[in-house]
Amino acid sequence: MEDFEDKVLFIRRTAKTYKGGRRFRFGAMVAVGDGNGRVGVGLGKAKQVPVAIQKGNYMAKRNVIEVPIEEPGTVPHGVVGVHGTSNVMIKPAGAATGIIAGSVPRAILELAGYRNLLTKELGSRNETNVAYAVINGLKQLKTYEESVAEREAAQ
């Protein structure tokens, strides 16, 4: 599992007030991928930033999924991933389009190995929910052969 590249999507700081002052904790969302159809995201929380990133990396590697990549490096069909009130629309695009996406979806989709696609964040732009919505959308993807087999099984 050491062939994964990782990217920190964001780090957030939270505070709790005690008698002696505030105490800070950190949450780090990390995405991992091999650039060849395997990607995952994880959220790690700790009192120090490096430990939170380490935990996020570990969680992301535990949550890796396989996704289909069609030529020219795009998704087989359009999907809408939903998590909470965040919706992320992912659509196929032609060659030389590039990844047109916000920062969080772009990082996840690049690590998955996509080179040409369009996305749009709808609803809440909360970074955590957007990251999970992208993964949810990628889980819905099917290759042409899988959808044909599914239709034949239904008849």
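Refer to the structure above for everything that follows.
Remember, predicted model here, so these are calculated numbers, not experimental data. (Residues numbered from 1 in each chain as written. Predicted model: local features only at pLDDT ≥ 70, side-chain atom pairs only at ≥ 80, totals over all residues. Heavy atoms only, no water.)

## Some details on a positive patch on the surface
Keep this limit in mind: Residues form patches when they are more than 30% accessible in relative terms and have no salt bridge. Like charges link within 9 Å. Nonpolar side chains (Val, Leu, Ile, Met, Phe, Trp, Tyr) link within 5 Å. All accessibility values rest on the Shrake-Rupley procedure with a 1.4 Å probe; residue burial counts only the protein chains present in the view. Every case where a carboxyl oxygen of Asp or Glu lies within 4 Å of a side-chain nitrogen of Lys or Arg is listed as a salt bridge. In summary, the charge assignment counts Lys and Arg as positive and Asp and Glu as negative, without counting His or the chain termini. Lys charges are placed at NZ, Arg charges at CZ, Asp charges at CG and Glu charges at CD. For every residue, the accessible area obtained with a 1.4 Å probe (protein chains only) is divided by the maximum for its type, and the residue is called buried under 20%, exposed over 50%, and partly exposed between those limits.
A cluster of like positive charges, contributed by R12, R23, R25, K45, K47 and K55, occupies part of the molecular surface. Under the relative-accessibility criterion, R12 is labelled partly exposed at 32%.

## Here we look at a negative patch on the surface
What counts is decided by this rule: Only DSSP runs of H or I reaching four residues or more are called helices, and only runs of E reaching two or more are called strands; each is numbered from the N terminus.
A grouping of E70, E71, E145 and E146 is seen on the molecular surface, where their side chains present a negatively charged patch. Along the polypeptide, E70 turns up in the loop between strand 4 (65-66) and strand 5 (79-83).

## Topic: the sheet that holds strand 4
The test is simple: DSSP-based pairing: two strands are paired if at least 2 bridges between them are found. A contact between two residues is defined here by any heavy atoms of the two lying within 4.5 Å. Helix axes are fitted to C-alpha atoms over the stretch in contact, other axes to C-alpha atoms as well, and angles between N-to-C directions run from 0 to 180 degrees.
Taken in spatial order, the 4 strands line up as 1-2-3-4 in an open sheet, and their pairing is antiparallel. The open sheet terminates on both sides in strands that have one partner only, identified here as strand 1 (5-18) and strand 4. Bridge count for strand 3 (residues 38-46) against strand 4 is 2 bridges, and the pairing is antiparallel. For R38, the partnering residue across the bridge sits in strand 4 and is E66. Sitting on the sheet, helix 1 (residues 49-62) touches strand 1, strand 2 (21-33) and strand 3, and the angle it makes with strand 3 is about 145°. Across the sheet, helix 3 (residues 127-139) touches strand 1, strand 2, strand 3 and strand 4, and the angle it forms with strand 3 is around 155°.

## Quick word on the pattern of salt bridges
Going through the model one piece at a time under the given rule, you end up with 5 salt bridges. Linking R125 and E121 is a salt bridge whose minimum nitrogen-to-oxygen distance equals 3.9 Å. Residue classification places E121 among the buried residues on the basis of a relative accessible area of 16%. A salt bridge links K142 to E150; the nearest nitrogen and oxygen atoms lie 3.8 Å apart.

## Examining the nonpolar core
The condition is simple: The criterion is simple. A nonpolar core is a set of buried Ala, Val, Leu, Ile, Met, Phe, Trp, Tyr and Cys residues joined through side-chain atoms within 4.5 Å.
Counting residues in hydrophobic clusters, the biggest one holds 29 residues, and the most contacted among them are L9, V39, I90, I108, Y114 and L138. Contributions of two or more residues to this core are made by strand 1, strand 2, strand 3, strand 6 (86-92), helix 2 (103-112) and helix 3. Ignoring any residue separated from it by four or fewer positions in sequence, one finds I90 in contact with V75, H77, G78, V79, L117, L118, T119, V134 and L138.

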